[in-house]
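Listed here are the chains, written in short residue letters.
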Amino acid sequence: MRLPDLAKALELAARKLGAEDGFEVHLTRPQNPAHGDLATNLAMLLAGRLSQPPQEVAQALVAELDLAALSLEKAEVAGPGFINFSIRPELLREGLRQIAKEDHEYGRATSGAGRRVNVEFVSANPTGPLHVGHGRGAAIGDAIARLLACTGHDVDREFYVNDAGAQIEKLVDSIAARYLQLRGEDEPVPEGGYHGEYVAELAREVEEQLGERIGTVWGAKERELVRDHALDRLMAEQKEDLRALRIEFDTFTSERSLYDSGAIDAMLESLESKELLYRSEGAVWVATSRFGDDKDRVLVKSDGSYTYFLPDITYHRDKAARGFNTAIDIWGADHHSYVKRMQSVLEGLGHGPDFFEVVLVQLIRVERGGEEVKLSKRAGDFVTLRDLVEEVGADVTRYFFLERRPQQQMVFDLDLALERSEKNPVYKIQYALARLRSIYRRAGIEAGEIDLDVDLSPLGIQRELDVIKKLLDYPEVVEAAAGDREPHQVAGYLEGLASEVNSWYHAGNRDKSLRVLGVEPPLQSARLVLSRATEIVLRNGLELLGLDTPDRM
RNA sequence: GGCCCUGUAGCUCAGGCGGAUAGAGCAGCGGUUUCCUAAACCGAAGGUCGCAGGUUCGAGUCCUGCCAGGGCCGCCA
């Protein structure tokens, strides 16, 4: 839990002892319960500066503190010079009451107030169905957006539709080949084209719906008709898959629209006016190497066409123009080399290093029975995100993607994902929530009816205090996870809390005096508040990760 | 050849800004069990933190080198 007053008091004490600026007070949660609730290494940091042994500095610091005013039970100097603080249980109990009263607001913060953030993720080429790898980026992007919103940021979720360029043309070529095959012509799918069954399906649709209009000879008009049809269909499919994962976007920006609006040509002029462009070997280059990139990059090829980089620059510049303070992109690790060049050109255009961020998401490997599931279409195996969600459900899919650091290559264990027991961490957390809610049901009361203004002093056994301390950590966890763009910190916290809660709950199975219900009325009332606060934190955390919050399992 | 990610228990992974005895889940081992939800619980065990140096009062954490796995180095997207 946070004790801003203690940090401030320590800083004052340090100054009193003669420490100048340039030190920071860090309070940490010791792993060893014998080391109290909070600890600081401040004395060790100051020892050299004050030329005194750390233990003596620690003693002097403690002497400056008014423990009672800080709601501390004691402050002990230990080990090489740590100061260990024990919090008075009353402070914990009042904190608990606050949690229950704040309800849905508990864990929300205002640190991001006034900041507009654009989170761009998925942005898959609209040339086929989403695969499992897209799912990880989708889950992480969505969770980061939720974290930022929870900490007060004004968040927009955005999907960049690459509906221009060579890949789309290849898709049209592939559909054309299938289409002509349907008409009895011997036309192979071109090299580098798309071979999936969905391409043949699209060709059939084109034949049925547009066959009259486009015949067998495809010019620009016909291609455009087919392209529009394919884009509509494939984007609709992708959106549906994402919706099944509980992901919705606020904005879809089309690459094509950047061409149509003239924004890309304007971008070239803008770069020119900033003297970032030059011609060489018949192409137009942008001097990204001036801003840290390995080398300069081509924007206009020698044949006059544009590289992908140019619209992408235009697009990111547009995010700034739309008023976002920060643009966070979630990219697959295979795009890693692209980060530097984008940062470089944005810096060249005058955007500070804080404007553009990339979260790189590593590739995943799917295993079943200890064997890798190949991402090829085979009977019984799946390849698409849709197949995965249908097999294990949205909760498990999301959680498994969110419980690991984004930059960690991960194994998606299908056997564990399909496990419907507490071996599966998602169920463990949801189970803890359901158990608490079952207590209210058993007592015949609604959660909202629990009296929060009762005397909490009956709460005092260690197991209860441990749960309370854990609950009071939640806001810090949310802030840290949002700041680091790491949803897995929340997942790890919830798993730990669920363990603690289940252990607390099960103690009541062995010893009836440890139960919530059926003990002395004052104790029962106090424990109902504990149950309620715990349920609130579990629920808020699950919602923050976009997971279901079941009343019963 | 260069760049990025990763290397921690048998397996999958956590380990704020350097801090005290390195944690969790799964598997394995021993025990308990009809409960306010047993779709379990309790307990013990399990470690050269890839290797070697360095910085520091103190290194899983910072620096250097090396090894291993993955990814990327295009006028593709």
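Everything here concerns the structure above.
**Considering helix α11 (residues 309-321)**
Argument step 1. Taking 1.5 Å per residue as the helical rise, α11 with its 13 residues ought to reach 18 Å, and the 18 Å between its terminal C-alpha atoms agrees with that figure.
Argument step 2. When you tally the buried positions in α11, you get 10 out of 13 residues, the bulk of the element.
Argument step 3. Buried within α11 we find F309, L310, P311, D312, I313, T314, Y315, H316, K319 and A320.
Argument step 4. Positioned one or two residues after α11, G323 has a phi angle of 100°, which is positive.

**A closer look at the protein's contact with RNA strand B**
Argument step 1. Around RNA strand B sit 64 residues in total, of which H26, R404, S438, N509 and R515 are the nearest.
Argument step 2. Here the atoms of RNA strand B within 4 Å of the protein split so that 62% fall in sugar or phosphate, with bases taking the remainder.
Argument step 3. N41 places a side-chain nitrogen or oxygen 2.9 Å from a base nitrogen of RNA strand B.
Argument step 4. Residue Q362 places a side-chain N or O atom 3.3 Å away from a sugar or linking oxygen belonging to RNA strand B.
Argument step 5. Among the elements of the structure, β4 (82-87), α6 (166-182), β9 (283-286), α12 (336-348), β15 (410-413), α16 (425-443) and α18 (488-510) are those that each provide at least two residues to the surface near RNA strand B.
Argument step 6. Counting residues per element, the surface near RNA strand B draws most heavily on α16, which supplies 8 residues.
Argument step 7. Broken down by class, the residue content of the surface near RNA strand B amounts to 22 nonpolar, 24 polar and 18 charged.

**Regarding the packing of aromatic side chains**
Argument step 1. On inspection of all chains with the given rule, the structure shows 16 aromatic pairs.
Argument step 2. Ring centres 4.6 Å apart and planes at 35° place the aromatic pair F121 and F249 in the tilted group. Taken as a pair, F121 in the loop between β5 (116-120) and α5 (132-150) and F249 in the loop between α8 (220-244) and β7 (251-254) lie far apart in primary sequence, 128 residues in all.
Argument step 3. F121 gets classed as buried once you look at its relative accessible area, which sits at 0%.
Argument step 4. Under the relative-accessibility criterion, F249 is labelled buried at 12%.
Argument step 5. Clustering of aromatic rings is evident, with ring pairs tying together Y308, F309, W331, Y338 and F356.
Argument step 6. The residue whose ring lies beneath K239 is F252, and the NZ or CZ to ring-centre distance is 4.2 Å.
Argument step 7. Cation over ring: R435 sits above Y431, and NZ or CZ is 4.2 Å from the ring centre.

**Overview of the packing of helix α7 (residues 197-214) against α8**
Argument step 1. Closest axis-to-axis distance for the α7/α8 pair is 10 Å, and the angle between their directions is 135°. The orientation of α7 with respect to α8, classified from their angle, is oblique. Relative to α8, α7 is oriented so that their crossing is right-handed. Of the residues in α8, those in contact with Y198, E201, L202, E205, V206, Q209, L210, R213 and I214 of α7 are E222, L225, V226, H229, A230, R233 and L234.
Argument step 2. When its residues are assigned to classes, the contact of α7 with α8 shows 9 nonpolar, 2 polar and 5 charged.

Thresholds applied
Residues numbered from 1 in each chain as written. Chains lettered and ligands numbered in written order. Predicted model: local features only at pLDDT ≥ 70, side-chain atom pairs only at ≥ 80, totals over all residues. Heavy atoms only, no water. Helix = DSSP H or I, 4+ residues; strand = E, 2+ residues; numbered from the N terminus. Expected span 1.5 Å × (residues − 1). Buried < 20%, exposed > 50% of the residue type's maximum accessible area, 1.4 Å probe, protein only. Near = heavy atom within 4 Å. Polar contact = N/O pair within 3.5 Å; in protein donor to acceptor, adjacent residues only side chain to side chain. Nonpolar A, V, L, I, M, F, W, Y, C, P; charged D, E, K, R; others polar. Phe/Tyr/Trp six-rings, centres within 6.5 Å; stacked < 30°, edge-to-face > 60°. Lys NZ or Arg CZ within 6 Å of the ring centre and 35° of its normal. Axes fitted to C-alpha atoms, helices over the stretch in contact; angles between N-to-C directions. Parallel < 35°, antiparallel > 145°, perpendicular 65-115°, else oblique. Left-handed = near helix turned anticlockwise from the far one by under 90°. Contact = heavy atoms within 4.5 Å.

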